Amino acid sequence: MTLKILQFGTTGQLGVELLRQAPGHDVAVTALGRAEADLADPDAAAAQVRAHRPDVVVIAAAYTAVDLAETEGDLARTVNALTPGAIAAAAREAGAALINVSTDYVFDGDGGAPYAEDAPTNPLNAYGRTKLEGERTVAAANPRALNIRTSWVVSPHGKNFVKTMLRVAAAGNPLKVVDDQAGRPTSAGDLAGFILGLAPRLAAAPAGDPLFGTVHFANTGEVTWRDFAVEIFAQALGEAAPEVGGQRTADYVTPARRPLRATMDLGRLERVYGVTPRPWQAALADIVAELKG
Ligand SMILES: NC(=O)c1ccc[n+]([C@@H]2O[C@H](COP(=O)([O-])OP(=O)(O)OC[C@H]3O[C@@H](n4cnc5c(N)ncnc54)[C@H](OP(=O)(O)O)[C@@H]3O)[C@@H](O)[C@H]2O)c1
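Quick summary incoming for the structure in this document. (Residues numbered from 1 in each chain as written. Predicted model: local features only at pLDDT ≥ 70, side-chain atom pairs only at ≥ 80, totals over all residues. Heavy atoms only, no water.)

### Points about the packing of aromatic side chains
Move 1: Applying the stated rule across the entire model yields 10 aromatic pairs.
Move 2: A ring pair is formed by Phe 194 and Tyr 273, whose centres lie 5.9 Å apart and whose planes are at 70°; its orientation type is edge-to-face. Pair noted here: Phe 194 is in helix α6 (residues 188–204) and Tyr 273 is in helix α8 (residues 267–273), with a separation of 79 residues, a long-range link.
Move 3: Owing to a relative accessible area of 7%, Phe 194 belongs among the buried residues under this scheme.
Move 4: In this structure Tyr 273 comes out as buried when scored by relative accessible area, which is 4%.
Move 5: A ring pair is formed by Phe 228 and Trp 280, whose centres lie 5.3 Å apart and whose planes are at 80°; its orientation type is edge-to-face. A residue pair is termed long-range when its members are at least 10 positions apart, and Phe 228 in helix α7 (residues 225–237) and Trp 280 in helix α9 (residues 280–292) qualify at 52 residues. Taken individually, Phe 228 and Trp 280 each receive the classification buried, so the pair is uniform in this respect.
Move 6: Taken together, Trp 152, Phe 161, Trp 225, Phe 228 and Trp 280 form an aromatic cluster joined through their ring pairs. (Phe/Tyr/Trp six-rings, centres within 6.5 Å; stacked < 30°, edge-to-face > 60°. Helix = DSSP H or I, 4+ residues; strand = E, 2+ residues; numbered from the N terminus. Buried < 20%, exposed > 50% of the residue type's maximum accessible area, 1.4 Å probe, protein only.)

In structure tokens form, the structure reads like this:
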């Protein structure tokens, strides 16, 4: 029987990719944008779950403005923690499984990488704290919830590092990129494919199944932001690739602190879900190809 998915978020990187790929799966997706469900209103979001009675709920929207979250803490907390908790509770009442998406920024990146799912958390910024609280609110509200932590999300659309680098390079200005933060880039498309493939398995799984809990999903490999930029230019611009200088995090001041190396371990993804993502360079090649049209 066709699986009923209720998706929160239609315009972000992940939301767009889920909608693009859904036709390739046996799913009927109802997708709610901000106009139908503002995640600043937990009750309204929960009411949508009760109205639609899906098999699986996917929360693809979030407060993702990492620096702004330092000054908009209350809104970020509502969107990333309180509303996901309310959605998860309504999903439990409706008998629905829940997928919430979280971040590697729950880790402090201070020497413990690669981090397993049960490694100690210690977010360095307000965004990370709200996402960690969101993991806890959904897990507490619904025993059939899965928190998928991801990192450095990129895609051909929305706001992301690949598009920013290509825009800056096109402007012809000298480039300096942070070279002491490392992580795993993640294609929003690859993450969407994982979620859509997993949804029917979650719908069929009872509470207590190992598929629920927390899992890390990212493309394989690890890179610094500077070397990521170098590869983006090599793939997109070839011989015309600009020089990319390095910069230390300590010399690039932003309102929110970032972890130096919050790289996530992907072993549980392979062991429990049977999934091995492709290398980030291969995922990047698809994104670059689409951007070049
Ligand atoms: N981007 C990354 O590098 C990264 C890294 C680790 C984890 N994550 C997590 O991955 C997930 C997907 O991220 P993404 O990159 O796809 O995000 P994104 O491109 O920044 O999009 C955010 C989405 O959330 C929606 N949204 C924000 N506030 C909302 C509100 N109050 N009510 C309803 N919708 C709201 C936005 O809608 P509007 O268009 O209306 O603003 C947009 O659709 C998120 O949970 C994020 O925390 C992302």
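### Let's talk about the site of the ligand
Move 1: Taken together, 23 residues sit near the ligand, with Thr 11, Leu 39, Thr 64, Tyr 127 and Lys 131 positioned nearest.
Move 2: Here an oxygen atom of the ligand sits 2.9 Å away from a polar atom, N or O, in the main chain of Gln 13.
Move 3: Within the backbone of Leu 39, an N or O atom sits 2.8 Å from a nitrogen atom of the ligand.
Move 4: Taken by itself the ligand offers 900 Å² of open surface, and the protein chains cover 81% of this.
Move 5: Elements represented by at least two residues in the shell around the ligand include exactly α1 (13–21), β4 (97–103) and α4 (126–141).
Move 6: Of all the elements, β4 adds the most residues to the shell around the ligand, at three residues.
Move 7: Classifying every residue of the shell around the ligand by side-chain character gives 12 nonpolar, eight polar and three charged. (Near = heavy atom within 4 Å. Polar contact = N/O pair within 3.5 Å; in protein donor to acceptor, adjacent residues only side chain to side chain. Areas by Shrake-Rupley, 256 points an atom, 1.4 Å probe, with all protein chains shown as cover. Nonpolar A, V, L, I, M, F, W, Y, C, P; charged D, E, K, R; others polar.)

### Some details on the nonpolar core
Move 1: Membership of the largest hydrophobic core comes to 30 residues, with the highest contact counts inside it found for Phe 8, Leu 39, Val 49, Val 57, Ile 87 and Leu 98.
Move 2: Counting residues per element, the ones that place at least two in this core are β1 (3–8), α2 (42–52), β3 (56–59), α3 (73–94) and α4.
Move 3: For this core, the element with the highest residue contribution is α3, accounting for eight residues.
Move 4: Here Val 57 is in contact with Leu 6, Phe 8, Val 49, Ile 87, Ala 91, Ala 96, Ala 97, Leu 98 and Ile 99, once residues within four sequence places are set aside.
Move 5: Residues Ala 60, Leu 146, Leu 191 and Phe 194 belong to the second largest nonpolar core, which totals 29 residues. (Core = buried A, V, L, I, M, F, W, Y, C linked by side-chain atoms within 4.5 Å. Contact = heavy atoms within 4.5 Å.)

### Overview of the sheet that holds β3
Move 1: The strand order β2-β1-β3-β4-β5-β10 describes an open sheet built from six strands, whose pairing is parallel. The sheet is open, and its two borders are formed by β2 (27–32) and β10 (213–216), each paired with just one other strand. Here the average twist between neighbouring strands, direction ignored, is 20°.
Move 2: Examined bridge by bridge, β1 and β2 share six bridges and lie parallel to one another. Bridge pairing in β2 places Phe 8 opposite Leu 32.
Move 3: Contacting β1, β3 and β4, α3 runs over the sheet at an angle of about 175° to β3.
Move 4: Those strands touched by α4 are β4 and β5 (145–150), and its axis lies near 160° from that of β4. (Pairing = 2+ DSSP bridges. Axes fitted to C-alpha atoms, helices over the stretch in contact; angles between N-to-C directions.)

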